[in-house]
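# Results of the structural survey
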Amino acid sequence: MFTGIVTDMGDLVKVERKGEVKTLTVATDFDAAGIDIGASIAHAGVCLTVTSVTPGGPRATLFTVDAAPETLAITTVAGWDEGRRINLERSLKMGDELGGHMVSGHVDCTAKVVSREDLGTTTRFVFEVPENLARFVAAKGSVALDGTSLTVNEVNGNTFSCLLIPHTLAVTTWGGVKAGDTVNFEADLMARYAARLAEFPRAS
């Protein structure tokens, strides 16, 4: 589990295709001693498993992860190339501060960035998601976009907006996001379960 609070921007330094699997090598400032083989790290919201760790390199640590066909089919990972910056978050530990909301790292789909409006103190992004997933988005509710926990501002059909503060733009990849881009979208777990419960009739 994750919280949607990005703790580093990793640099994608190597990309390899091994059959249907895409292997990524990421440079990060995370301490290598604190990353175990098999650990889960969210990459722009996508939970991937660490397969190797090497101290040093372009930054403090290099690690590798594999992206399976299902991940490549429904997330932005398929289009990632060397040189890309990626929002990273280590998995939640018992006792850690829950600064965002509960995020599983299981991306539902990609969302299209419809527009970006820089307002000075905030930046307003409008996103579009498929209609079958729009029902999980509510004003003042939470969504995870590219691994970042964001609060929904307004909802209009299958589009919704979020306001980002300058700090978020500075410490995540959101500073470079523009209209026409796609980002990874994960619906709020509570909204998902509430919608599922609503499908069943009440007992008489």
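Summarised in this report is the structure supplied together with it. Every value quoted in this text rests on a predicted model; they were computed, and no experiment measured them.

### Looking at the overall build of the chain
On a plain count of helices and strands, the chain comes out with four helices and twelve strands. The C-alpha atoms of the chain give 17 Å as radius of gyration, which agrees with the globular expectation for 204 residues (17 Å, within 12%). Summarising its shape, the C-alpha atoms of the chain cover approximately 55 × 50 × 40 Å along the three principal directions. Within the span of the chain, comprising 204 residues, buried residues form 44% of the whole. In the chain, of all internal contacts separated by at least 6 residues, the share reaching a separation of at least 24 is 68%. Accessible surface, the chain as shown: approximately 10300 Å² in total, 53% of it carbon and sulfur. Once the 18 positive and 25 negative side-chain charges of the chain are each reduced to a mean point, those two points are 2 Å apart.

### What to know about the sheet that holds strand 4 (residues 46-55)
Read around the barrel, six strands follow the order 1-2-5-4-3-6 and close on themselves; strand pairing throughout is antiparallel. Strand after strand, the sheet turns through a mean of 45° between neighbouring axes, direction not considered. The pairing of strand 4 with strand 5 (residues 61-67) spans five bridges and is antiparallel. Within the sheet, the bridge partner assigned to T54 lies in strand 5 and is L62.

### What about the packing of aromatic side chains?
Applying the stated rule across the entire model yields five aromatic pairs. Centroid distance F125 to W174: 5.2 Å. Interplanar angle 65°. Geometry classified as edge-to-face. Placement of the pair is F125 in strand 8 (residues 123-128) and W174 in the loop between helix 3 (166-171) and strand 12 (182-187), with a sequence separation of 49 residues. Of the two residues examined, F125 and W174, each falls in the buried class. The structure contains a cluster of three or more aromatic residues connected by ring pairs, namely F125, F127, F160, W174 and F185.

### Looking at the nonpolar core
In this structure, F127, V143, L145, F160, W174 and F185 are the most contacted members of the largest nonpolar core, which totals 24 residues. Elements represented by at least two residues in this core include exactly strand 7 (109-118), strand 8, helix 2 (131-134), strand 9 (142-145), strand 10 (148-156), strand 11 (159-164) and strand 12. Sequence-distant contacts of F185, that is, excluding residues within four places in its chain, are made with V107, D108, C109, A111, V129, L133, V137, V143, A144, L145 and F160. By size, the runner-up hydrophobic cluster in this structure holds 20 residues, among which are A67, W80, L88 and V107.

### Remarks on the sheet that holds strand 11
Judged by pairing direction, the barrel is antiparallel, and its six strands sit side by side in the order 7-8-11-10-9-12 before closing back on the first. Across the sheet, the mean angle separating the axes of adjacent strands is 45° when strand polarity is ignored.

Criteria and thresholds
Residues numbered from 1 in each chain as written. Predicted model: local features only at pLDDT ≥ 70, side-chain atom pairs only at ≥ 80, totals over all residues. Heavy atoms only, no water. Helix = DSSP H or I, 4+ residues; strand = E, 2+ residues; numbered from the N terminus. Rg over C-alpha atoms; globule rule 2.2 N^0.38 Å. Buried < 20%, exposed > 50% of the residue type's maximum accessible area, 1.4 Å probe, protein only. Contact = heavy atoms within 4.5 Å. Areas by Shrake-Rupley, 256 points an atom, 1.4 Å probe, with all protein chains shown as cover. Lys, Arg positive; Asp, Glu negative; His and termini not counted. Charge placed at Lys NZ, Arg CZ, Asp CG, Glu CD. Pairing = 2+ DSSP bridges. Axes fitted to C-alpha atoms, helices over the stretch in contact; angles between N-to-C directions. Phe/Tyr/Trp six-rings, centres within 6.5 Å; stacked < 30°, edge-to-face > 60°. Core = buried A, V, L, I, M, F, W, Y, C linked by side-chain atoms within 4.5 Å.

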